[in-house]
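# Working through the structure, step by step
Listed below are the residues making up each chain.
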Amino acid sequence: MPCGEDWLSHPLGIVQGFFAQNGVNPDWEKKVIEYFKEKLKENNAPKWVPSLNEVPLHYLKPNSFVKFRCMIQDMFDPEFYMGVYETVNQNTKAHVLHFGKYRDVAECGPQQELDLNSPRNTTLERQTFYCVPVPGESTWVKEAYVNANQARVSPSTSYTPSRHKRSYEDDDDMDLQPNKQKDQHAGARQAGSVGGLQWCGEPKRLETEASTGQQLNSLNLSSPFDLNFPLPGEKGPACLVKVYEDWDCFKVNDILELYGILSVDPVLSILSNDERDASALLDPMECTDTAEEQRVHSPPASLVPRIHVILAQKLQHINPLLPACLNKEESKTCKFVSSFMSELSPVRAELLGFLTHALLGDSLAAEYLILHLISTVYTRRDVLPLGKFTVNLSGCPRNSTFTEHLYRIIQHLVPASFRLQMTIENMNHLKFIPHKDYTANRLVSGLLQLPSNTSLVIDETLLEQGQLDTPGVHNVTALSNLITWQKVDYDFSYHQMEFPCNINVFITSEGRSLLPADCQIHLQPQLIPPNMEEYMNSLLSAVLPSVLNKFRIYLTLLRFLEYSISDEITKAVEDDFVEMRKNDPQSITADDLHQLLVVARCLSLSAGQTTLSRERWLRAKQLESLRRTRLQQQKCVNGNEL
């Protein structure tokens, strides 16, 4: 355990110490950041910091030092706060300076009063992000973070979790009741009756129902428990994150690891209710914030806690088996990375065998699945995203659980994923595109608000005959734009705003997909298991956890490798292209060449090679030839276009 627990349990005391030493000199703020940076370098200190992702909120002590792994779902307007303020003791008239940074509520002693007219008061600005747990985060990722965390948390001795939890949630519960019931519950709570205690369990149930019920329903903004998660069925806390430095470095959909001070003061709920009541009395022309906006921007702290950020890091990936930072230079010097790269060949061979079994004995489809899983948008040329490799696996059996179980296999390999069941009902009713709600002044999430490197598996085998209505057509268009341009056009009512993304899209279908794809590979099963679930379960159980972890490291690590083509190979590829066109002008187009280069790139990286060799180029041509031949054979058998 890092020596001295004060920085974990009483970080504001540490901040107070630096403030007292330096006064209004702004150097104290830099010293606070440096202090916590140094503390986190000691003895695996990050593992001792309680995480909001793993620890229930009512087990965390208010104003303690915590961490949170999250995605920025929305950015609110900057807010002003009292950076430094002065209080006056009513008896002794003594003046005391306080800091307002990392706090939601001004600190005043029993006999102290805030001196609003003090010339020493300073007003500063901070940014607020609305953050949610990483959408689609795989179970194995969550479990690995839980196992790595060594924070010792238990209900605080200064309060009981049930009382603590009830005191927060009861404030919020009042909003759920009709007016006549509010008084009843208030009375029951004051009298300490059993009814009040029983009722405090309801918000948790409603919160879960609200999150899971989003799958086939549009988001319900009138519900106080709408946590605005992009994907249905997601769990975990949403947080209002207060950022004090360098907030311009972050953008919507970034994945962050935050370290900061947890604020769950019940007074925040009371204040938001008071503000709501006060705004109802004001002239509508004078009230800039609507009641809906106040509700969204100042939710009960028991449901949406606040984190005052001391340190924030943008994560390149969320794979807990790898170092957090995989910059090009650092990856070269990292011992872990270099040792893993030295044993890459057997890992690739084992992964190919594993995926071949998952794809019912089809080794060619397994090759393409590996290439797909390590593909990534490495740059953009004008509007064209380079490096994307959307694969359409056609020939999947209808009315079978094959696609569902194949997705389970992918889930076990990648850090974040989502399976979109492409039914008429889902396409017509699900919200794909995030849109701006101007009444609440927030971005309402949609299914396609996903962080970089998420695997999106679209299951077209469930598609039946039916009519797509207008929202359904818009959703299909949104998917097509995501695949083709790697962007999602968020709806801001009066205009659309492009949000670039980097989402790996894998489509399973019976015939050729309705959606555009970079590559179609037709499945040729070598065996049909009588019980698909039993077959896939036995496949997963046969793989050693250590081997499965190697697969996970392999697929994440290779995305970050640099890649280049030498002038010599470039010339050879150009000559090859001219030669192929000379023999048969229709045999290869410029688009085909582009796809060949993408396949060659992924193929090289899959072998740990960061430059294209003549051997890999020929292998890429061979794979593409086999894939095209298979499609032609299938076309002849079926007599229709695939």
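The sections below set out a description of the structure shown in this document. The model shown is predicted, which means the values in this text are computed figures rather than measured ones.

Turning next to the overall build of the chain. Counting its secondary structure elements, the chain contains 22 helices and 19 strands. Buried positions account for 51% of the 642 residues belonging to the chain. Roughly 30,000 Å² of accessible area belongs to the chain as shown, and the carbon and sulfur atoms make up 51% of that amount.

Okay, the side chain of Lys-242 next. Residue placement: Lys-242 occurs in strand β6 (residues 239–243). Among the polar contacts listed, one links the side chain of Lys-242 to the side chain of Glu-79, at a separation of 3.0 Å. Not counting the four nearest positions on each side in its chain, Lys-242 is found in contact with Glu-79, Asp-104, Arg-126, Gln-127, Thr-128, Arg-306, Ile-307, His-308 and Val-309.

Below, the discussion takes up the state of the cysteines. Under the definition given, this model contains zero disulfides. Cys-70 provides the cysteine sulfur closest to Cys-239, a residue in no disulfide bond, and the two sulfurs are 7.2 Å apart. By relative accessible area, which is 0% here, Cys-239 ends up buried.

Quick look at unusual backbone geometry now. We note that Asn-44 has phi near 55°; this positive angle belongs to a residue other than glycine. Even without a glycine there, the phi angle at Asn-453 is positive, about 70°. Overall, the relative accessible area of 18% leaves Asn-453 in the buried class.

Take the sheet that holds strand β11 (residues 391–394) next. Whenever strands of a sheet pair, they do so through backbone hydrogen bonds, lying parallel or antiparallel. If you trace the five strands from one edge of the open sheet to the other, you get β12-β15-β18-β11-β19, paired in parallel fashion. Only two strands of the sheet have a single partner each, and these edge strands are β12 (417–421) and β19 (519–522). Neighbour to neighbour, the strand axes of the sheet diverge by 20° on average, direction disregarded. With five bridges connecting them, β12 and strand β15 (residues 455–459) associate as parallel partners. Paired with Arg-419 across the bridge in β15 is Val-457. The sheet strands contacting helix α15 (residues 402–411) are β11, β12, β15 and β18 (504–508), and the helix crosses β12 at an angle near 165°.

Turning to the packing of aromatic side chains, a few remarks are in order. Counting across every chain of the model gives 17 aromatic pairs. Centre to centre, the rings of Trp-28 and Phe-99 are 5.7 Å apart; their planes meet at 55°, and the pair counts as tilted. Here Phe-99 lies in strand β3 (residues 95–99) and Trp-28 lies in helix α3 (residues 27–39), a separation of 71 residues in the sequence. The class for Trp-28 is buried, based on a relative accessible area of 2%.

What follows is about helix α19 (residues 545–557). Over its 13 residues, α19 runs 18 Å from end to end, which matches the ideal 18 Å to within 8%, given 1.5 Å per residue. Among the residues of α19, Val-547, Leu-548, Phe-551, Arg-552, Ile-553, Tyr-554, Leu-555, Thr-556 and Leu-557 are the ones counted as buried. Close packing links the buried residues of α19 with α4 (139–148), α12 (335–342), α13 (344–358), α14 (363–374) and α21 (590–606).

Turning our attention to the environment of Val-391. The residue Val-391 is located in strand β11 in this model. With relative accessibility at 1%, the residue Val-391 sits in the buried group. When sequence neighbours within four positions are dropped, the list of residues in contact with Val-391 reads Tyr-368, His-372, Val-505, Phe-506, Ile-507, Cys-519 and Ile-521.

On to the nonpolar core, then. Within the largest apolar cluster, 73 residues are counted, with the highest numbers of intra-cluster contacts made by Phe-354, Leu-393, Phe-402 and Tyr-554. Per element, the largest residue contribution to this core is nine residues, and it comes from α14. Beyond its immediate sequence surroundings of up to four residues, Leu-393 is in contact with Leu-359, Ala-365, Phe-402, Leu-406, Phe-506, Ile-507, Thr-508, Ser-509, Ile-521 and Leu-523. Among the nonpolar cores identified, the runner-up in size contains 27 residues, and Leu-231, Leu-450, Ile-458 and Val-488 belong to it.

Our next topic: the pairing of β18. With five of its five residues buried, β18 lies for the most part within the structure. With burial as the criterion, each face of β18 is covered, one bearing Asn-504, Phe-506 and Thr-508 and the other bearing Val-505 and Ile-507. One ladder, built from five bridges, connects β15 with β18; its direction is parallel. Looking at β18, one finds that Leu-456 is bridged to Val-505.

What follows concerns the packing of helix α2 (residues 11–22) against α3. The packing of two helices is summarised by the inter-axis angle and the distance between the axes. Following both chains from N to C, one finds α2 and α3 inclined at 140°, their axes separated by 9 Å at the closest point. Between α2 and α3, the crossing angle belongs to the class labelled oblique. In terms of crossing hand, the pair formed by α2 and α3 is right-handed. Between α2 and α3, the residues in contact are Pro-11, Ile-14, Val-15, Phe-18, Phe-19 and Asn-22 and Trp-28, Lys-31, Val-32, Tyr-35 and Phe-36, respectively. Here the residues of the contact of α2 with α3 are counted per class, giving nine nonpolar, one polar and one charged.

Between α13 and α19, the least distance of the axes is 10 Å, while the angle of their chain directions is 105°. By the angle between their directions, the pair α13 and α19 is classed as roughly perpendicular. Seen from α13, the contacting residues are Leu-344, Val-347, Arg-348, Glu-350, Leu-351 and Phe-354; seen from α19, they are Val-547, Lys-550, Phe-551, Tyr-554 and Leu-555. Grouping the constituent residues of the contact of α13 with α19 by class yields eight nonpolar, no polar and three charged.

We now examine the pattern of salt bridges. Side-chain pairing between opposite charges can occur once the charged atoms of the two side chains come close. By the definition in use, this model includes 32 salt bridges. Here Asp-254 ties to Lys-314 by a salt bridge, and the two come within 3.5 Å at their closest N and O atoms. With Asp-254 in the loop between β6 and β7 (255–263) and Lys-314 in strand β8 (residues 306–314), this residue pair connects regions lying 60 residues apart in the sequence.

All right, on to a nonpolar patch on the surface then. A grouping of Val-383, Leu-384 and Trp-485 is seen on the molecular surface, where their side chains present a nonpolar patch of about 270 Å² in accessible area. Note on placement: Trp-485 falls in helix α17 (residues 470–485).

On to α2. With 12 residues, α2 extends 17 Å between its outermost C-alpha atoms, agreeing within 8% with the 16 Å of an ideal straight helix rising 1.5 Å per residue. Summarising the contacts, the buried residues of α2 are in contact with α1 (6–9), α3, β1 (65–75), β2 (79–89), β3 and β7. Positioned one or two residues after α2, Gly-23 has a phi angle of 60°, which is positive.

Calculation rules
Residues numbered from 1 in each chain as written. Predicted model: local features only at pLDDT ≥ 70, side-chain atom pairs only at ≥ 80, totals over all residues. Heavy atoms only, no water. Helix = DSSP H or I, 4+ residues; strand = E, 2+ residues; numbered from the N terminus. Buried < 20%, exposed > 50% of the residue type's maximum accessible area, 1.4 Å probe, protein only. Areas by Shrake-Rupley, 256 points an atom, 1.4 Å probe, with all protein chains shown as cover. Polar contact = N/O pair within 3.5 Å; in protein donor to acceptor, adjacent residues only side chain to side chain. Contact = heavy atoms within 4.5 Å. Disulfide = S-S within 2.5 Å. Pairing = 2+ DSSP bridges. Axes fitted to C-alpha atoms, helices over the stretch in contact; angles between N-to-C directions. Phe/Tyr/Trp six-rings, centres within 6.5 Å; stacked < 30°, edge-to-face > 60°. Expected span 1.5 Å × (residues − 1). Core = buried A, V, L, I, M, F, W, Y, C linked by side-chain atoms within 4.5 Å. Parallel < 35°, antiparallel > 145°, perpendicular 65-115°, else oblique. Left-handed = near helix turned anticlockwise from the far one by under 90°. Nonpolar A, V, L, I, M, F, W, Y, C, P; charged D, E, K, R; others polar. Salt bridge = Lys/Arg side-chain N within 4 Å of Asp/Glu carboxyl O. Patch = residues over 30% accessible without salt bridge, like charges linked within 9 Å, V, L, I, M, F, W, Y side chains within 5 Å.

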